[in-house]
Amino acid sequence: MAGADAHDGALSIAGPLARNADDLALLVERTASLPLRASGRARKDMRLLLVLDYPGSPVDDAVRGPIEEAAAALEQAGFTIDRKPRRNLPDLARQQSDYLRMLNIAMARGAPGPDGKRATATDWFDLLDAQASSENAWEELFDEHDFVLAPPAPVLAVPERQGRVFDGTVTINGREESSAGALAWAGIATFPNLPSTVLPVGQTAGLPCGLQVIGPKWADLDCIAAAKAIRIAPLEMNATTVGGEVHTHAAINAAMHRTNRRCCDEDHSHCPFLFLLLAEHRRAGGVGDGGFDSALRRPVR
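Described below are features of the structure shown in this document. (Residues numbered from 1 in each chain as written. Predicted model: local features only at pLDDT ≥ 70, side-chain atom pairs only at ≥ 80, totals over all residues. Heavy atoms only, no water.)

## Points about the pattern of salt bridges
Should the charged atoms of two oppositely charged side chains come close, the side chains can pair. One pass over the structure, following the stated rule, counts 9 salt bridges. Residue Lys217 is joined to Glu135 by a salt bridge in which the shortest nitrogen-to-oxygen separation is 3.3 Å. One end of the pair, Lys217, is in the loop between strand E8 (207-214) and helix H7 (220-232); the other, Glu135, is in helix H4 (residues 121-141), with 82 residues separating them in the sequence. Ionic contacts of the salt-bridge type, sharing partners, join the residues Asp53, Arg64 and Glu68 into one network. (Salt bridge = Lys/Arg side-chain N within 4 Å of Asp/Glu carboxyl O. Helix = DSSP H or I, 4+ residues; strand = E, 2+ residues; numbered from the N terminus.)

Okay, structure coming up:
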């Protein structure tokens, strides 16, 4: 993504936006620099883990509510969702600290920090060790769970402001919280180099809410397949036809079944990666009917 004469850099992510999962999978296959294979795991065999709490990054009720309703609807549709890991989660507080340090160094590209000091080669190699340790911890978790479901960000679309979004605070459940802490839900997959696919699962006060599906390393196509299964599951449960349209009582379907109206098609604000680069993606424009977003953890052609 950086071009032929530049490297993508640490923590670089690149992933397409699409109207549906099939288009997304096609785009990923066409742009991936490494061959990707889908496992073909059946939906009934999926073992899902729902993670809604992250140290230092509380989740606003406007995000938590639609995700919890979606999880309940999925369980009614036959999915198995654990609220607690069968093994311990990786040390998320440590991961967030290491992620922010690596992110700051990568973005500075050798420039000194606010204290006037530059990161050393030793600092960088220590962070690479920490990243490898995080990857190993997540690999152990995926021995027991096929996918992790998590918020893409702790809040919905943030109000427009001057300057960088993450230099100040964000309002979460009526309290001002660190904007840097809000990065945790993007870093949860980015730092350990895991694929993530985001889909819409509802809305609060007219703003779309997303859910990210995180999978093992190199399981990009499986993440997309899981997101597709999650999207269509409520349509297969207690569906009735009214006026030629399919309706269900599942809360998850409120934002998923959009065939004729567009939602967040200019900025895909349910996506954590666009949440980080909202202005840039608004300028570029988005595609989709509340569609799918995917992040590749590798360079693309």
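And the narrative resumes.
## Topic: the pairing of strand E6 (residues 175-178)
Where strand E5 (residues 169-172) lies against E6, 4 bridges are found, and the strand directions are antiparallel. Each residue of the ladder has a partner; that of Ile172, found in E6, is Arg175. Linking E5 to E6, which pair antiparallel, is a turn of 2 residues; within it Asn173 sits at a positive phi near 50°. (Pairing = 2+ DSSP bridges.)

## Some words on the side chain of Thr190
Inspection of the secondary structure assignment puts Thr190 in helix H6 (residues 184-190). For Thr190, a relative accessible area of 5% translates into the label buried. (Buried < 20%, exposed > 50% of the residue type's maximum accessible area, 1.4 Å probe, protein only.)

## A look at the layout of surface pockets
Of the pockets and cavities examined, the second largest pocket occupies roughly 250 Å³. Taken together, 18 residues form the lining of the second largest pocket, with Ser39, Gly40, Arg41, Phe147 and Asp222 sitting closest to its centre. If you tally residues by element for the lining of the second largest pocket, the top one is H7, at 4 residues. Counted by class, the lining of the second largest pocket contains 10 nonpolar, 2 polar and 6 charged residues. (1 Å grid on protein atoms, 1.4 Å probe; cavity = no way out; pocket = protein on both sides within 12 Å on 5 of 7 lines; lining within 4 Å. Points joined across faces, edges and corners; volume = space filled by probe spheres on them. Nonpolar A, V, L, I, M, F, W, Y, C, P; charged D, E, K, R; others polar.)

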